[in-house]
Amino acid sequence: MKIALVHDYLRDLGGAERVLLALSDIYPEAPIYTAFYSKNSPAGEVFAKKTIHESAFAPLLKIWRLYSPLRFLLPWIWGSIDLSDYDLVITSCSNYIARGFKVGKNTKVVAYCHTPPRFLYGMKTGYDWKKNFFTRMYGLVVAHFLRVFDWESAQKIDHWIVNSENVRARVKKYYRKDAVVIYPPIETEKLSRATQGVTKENYFLIVARLVGSKGLEEAIVAANELDVPLKVVGDADGFTAVANRLRGIGKSNVEFVGRVNDEKLWKLYAKARGFIALARDEDFGMTVVEAQAAGTPVIAFNGGGFTESIIDGKTGIFVNDTDVATLKKAFKRFSQIKWDKKVIMKNADRFGVARFEREIKQLVEAV
């Protein structure tokens, strides 16, 4: 069987790219087709040994950050990719849609949907594009036409996979399609091995891109007010204004670590007293599972995909708001619970890589 993989674009290295990497490991002979591929980027380093084909528009999209304002070209970007020779196409799609490519009469298309495009359906995004009048007007016009393309290309998918029940509800709402939930692959075994014998330290940890949709500002303000030691792992990803504002808010108790490799990150997870995740509508939230795999309990917003991976009072606690008063109560409750590392790690085991590979193979065989 001849298989091809498709992904939005290869530049950042987040949860979607880790899912793509796992798919590529399952099907190592399958080439990856993408809108554009930045070799000198976090994703570029990880996918350097993979066979990657870019769209005809790649040279234009790679100029500065033009791939974002040029989203109106998405129907032509994906339409320029011809996958007619493949028996099966698995597309890893989210905000850049990654659908609408040419396929053969007998080609089956499976979509692993991380989320329908957040900017098209009023969900919070990393950049508040509605704040500026001109970008708001431009964005509203473009979004109208892209919603049509998003809908029409969604109807041509044969089988839908989603990363959470949360996203399954979105796919049903926006595309009127049923989907199978296959949770993303978490390196639970590697995490547990790498963190054996690590001693806890007195700090809380956040791992996220420094953007405006992850609840970072609320967490930093609360940490300042409560004098809680906080480490923030992640980079600006081009959103320098947001990053500078966050660094300006943080006091001496807040340390911005930047981007780190996996081994250092796993140690940071394991040493942390607790992990904080305050995004209000996270698609799934791989980092909260990684924290649990390292034996670290979580304080998370009671919504989105977090509710699918955290057991309140056992592996973490939920908060219904992100104001200082609510978080103060959360930290107090957190400190009163006697956390069982084994229970926390066992909960994370249900999201492991082997489970992901097995469920993907079973679905592909059925297709």
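Before going into details, it helps to say that this report is about the structure given with it. Predicted, not measured: the structure shown is a model, and the values here were computed from it.

**Some words on empty space enclosed by the protein**
- Overall, the coordinates contain one cavity of 30 Å³ or more when judged by the stated rule.
- Estimated volume of the largest cavity: approximately 30 Å³.
- No other element matches the three residues that helix 14 (residues 353-366) contributes to the lining of the largest cavity.
- Considered class by class, the residues forming the lining of the largest cavity number seven nonpolar, no polar and no charged.

**Focus: the sheet that holds strand 1 (residues 3-7)**
- Reading across from one edge, 3-2-1-5-7-8-9 is the order of the seven strands in this open sheet, with parallel pairing throughout. Two strands lie at the open edges of the sheet, namely strand 3 (52-54) and strand 9 (180-181), each paired on one side alone.
- By the bridge criterion, three bridges tie strand 1 to strand 2 (residues 32-34) in an arrangement that is parallel. Note that in strand 2 the partner of His-7 across the bridge is Thr-34.
- Along the sheet, helix 6 (residues 165-175) contacts strand 7 (108-113), strand 8 (159-162) and strand 9; its crossing angle with strand 8, the most-contacted strand, is approximately 140°.
- Set on the sheet, helix 14 makes contact with strand 5 (88-93), strand 7, strand 8 and strand 9; between it and strand 7 the angle comes to about 150°.

**Let's talk about the pairing of strand 13 (residues 274-277)**
- Burial of the side chains of strand 13 extends over both faces: Gly-274 and Ile-276 are buried on one face and Phe-275 and Ala-277 on the other.
- The pairing of strand 10 (residues 204-207) with strand 13 spans two bridges and is classified as parallel. Bridge assignment links Phe-204 to a residue of strand 13, and that residue is Gly-274.
- The sheet contact formed by strand 13 and strand 14 (residues 298-301) spans three bridges and is parallel. Paired with Phe-275 across the strands is Val-298, a residue of strand 14.
- Of the crossover connections in this fold, the one passing from strand 13 over helix 11 (residues 286-293) to the parallel strand 14 is right-handed.

**Structural notes on the layout of surface pockets**
- The volume enclosed by the second largest pocket comes to roughly 220 Å³.
- Lining the second largest pocket, in full, are Pro-75, Gly-100, Phe-101, Val-103, Val-109, Phe-149, Glu-152, Ser-153, Lys-156 and Ile-157.
- Sort the elements by how many residues they give to the lining of the second largest pocket and helix 5 (residues 133-154) lands first, with three residues.

**Some words on the packing of aromatic side chains**
- Per the stated rule, a full pass over the model turns up 16 aromatic pairs.
- When the ring of Tyr-9 is compared with that of Tyr-96, the centres are 5.1 Å apart and the planes differ by 90°; the resulting orientation is edge-to-face. Of the two residues, Tyr-9 sits in the loop between strand 1 and helix 1 (15-26) while Tyr-96 sits in the loop between strand 5 and strand 6 (102-103), which places them 87 residues apart along the sequence.
- Overall, the relative accessible area of 14% leaves Tyr-9 in the buried class.
- Joined through ring pairs, the aromatic side chains of Tyr-9, Phe-36, Tyr-67 and Tyr-96 make up one cluster.
- Directly above the aromatic system of Tyr-203 lies the positively charged group of Lys-231, at a separation of 5.0 Å from the ring centroid.
- Directly above the aromatic system of Phe-256 lies the positively charged group of Arg-247, at a separation of 5.8 Å from the ring centroid.

**Re a nonpolar patch on the surface**
- Taken together, the side chains of Leu-60, Ile-63 and Trp-64 define a hydrophobic patch exposed on the protein surface, amounting to about 380 Å² of accessible area.
- Note that Ile-63 resides in the loop between helix 3 (58-61) and helix 4 (74-79).
- Taking relative accessible area as the criterion, Ile-63 reaches 45% and is therefore assigned partly exposed.

**Quick look at the environment of Gly-197**
- By the element assignment, Gly-197 lies in the loop between helix 7 (188-194) and strand 10.
- Overall, Gly-197 belongs to the exposed group, its relative accessible area being 75%.
- With 73 residues separating them along the chain, Gly-197 and Ala-270 place their C-alpha atoms 9.4 Å apart.

**Overview of unusual backbone geometry**
- Unlike most non-glycine residues, Trp-64 shows phi in positive territory, near 45°.
- Within the secondary structure, Trp-64 is located in the loop between helix 3 and helix 4.
- The class for Trp-64 is exposed, based on a relative accessible area of 75%.
- Of note in this structure, Arg-176 is not a glycine but carries a positive phi near 60°.
- Position of Arg-176 among the secondary structure elements: in the loop between helix 6 and strand 9.
- Residue classification places Arg-176 among the exposed positions, given a relative accessible area of 57%.

**Side note on the pattern of salt bridges**
- According to the stated counting rule, one finds 18 salt bridges in the structure shown.
- Arg-245 serves as the salt-bridge partner of Glu-217, at 3.2 Å between the closest nitrogen and oxygen. One end of the pair, Glu-217, is in helix 8 (residues 216-226); the other, Arg-245, is in helix 9 (residues 240-249), with 28 residues separating them in the sequence.
- Overall, the relative accessible area of 40% leaves Arg-245 in the partly exposed class.
- The network of salt bridges with common partners includes Arg-118, Arg-170, Asp-281 and Asp-283.

**So, helix 14**
- Between the first and last C-alpha of helix 14 there are 20 Å, a value that for 14 residues agrees with the 20 Å anticipated at 1.5 Å per step.
- Every buried residue belonging to helix 14 is among Val-353, Arg-355, Phe-356, Ile-360, Leu-363 and Val-364, and all of these are buried. An end-on view of helix 14 places all buried positions within 160° of arc, on one side of the element. Pointing more than 90 degrees away from the buried face of helix 14 are the exposed residues Ala-354, Glu-365 and Ala-366.
- Tucked inside the fold, the buried residues of helix 14 contact helix 1, strand 5, strand 7, strand 8 and strand 9.

Thresholds, definitions, all that
Residues numbered from 1 in each chain as written. Predicted model: local features only at pLDDT ≥ 70, side-chain atom pairs only at ≥ 80, totals over all residues. Heavy atoms only, no water. 1 Å grid on protein atoms, 1.4 Å probe; cavity = no way out; pocket = protein on both sides within 12 Å on 5 of 7 lines; lining within 4 Å. Points joined across faces, edges and corners; volume = space filled by probe spheres on them. Helix = DSSP H or I, 4+ residues; strand = E, 2+ residues; numbered from the N terminus. Nonpolar A, V, L, I, M, F, W, Y, C, P; charged D, E, K, R; others polar. Pairing = 2+ DSSP bridges. Contact = heavy atoms within 4.5 Å. Axes fitted to C-alpha atoms, helices over the stretch in contact; angles between N-to-C directions. Buried < 20%, exposed > 50% of the residue type's maximum accessible area, 1.4 Å probe, protein only. Right-handed = clockwise from strand over helix to strand, strands pointing away. Phe/Tyr/Trp six-rings, centres within 6.5 Å; stacked < 30°, edge-to-face > 60°. Lys NZ or Arg CZ within 6 Å of the ring centre and 35° of its normal. Patch = residues over 30% accessible without salt bridge, like charges linked within 9 Å, V, L, I, M, F, W, Y side chains within 5 Å. Areas by Shrake-Rupley, 256 points an atom, 1.4 Å probe, with all protein chains shown as cover. Salt bridge = Lys/Arg side-chain N within 4 Å of Asp/Glu carboxyl O. Expected span 1.5 Å × (residues − 1). Arc of directions from axis to C-beta.

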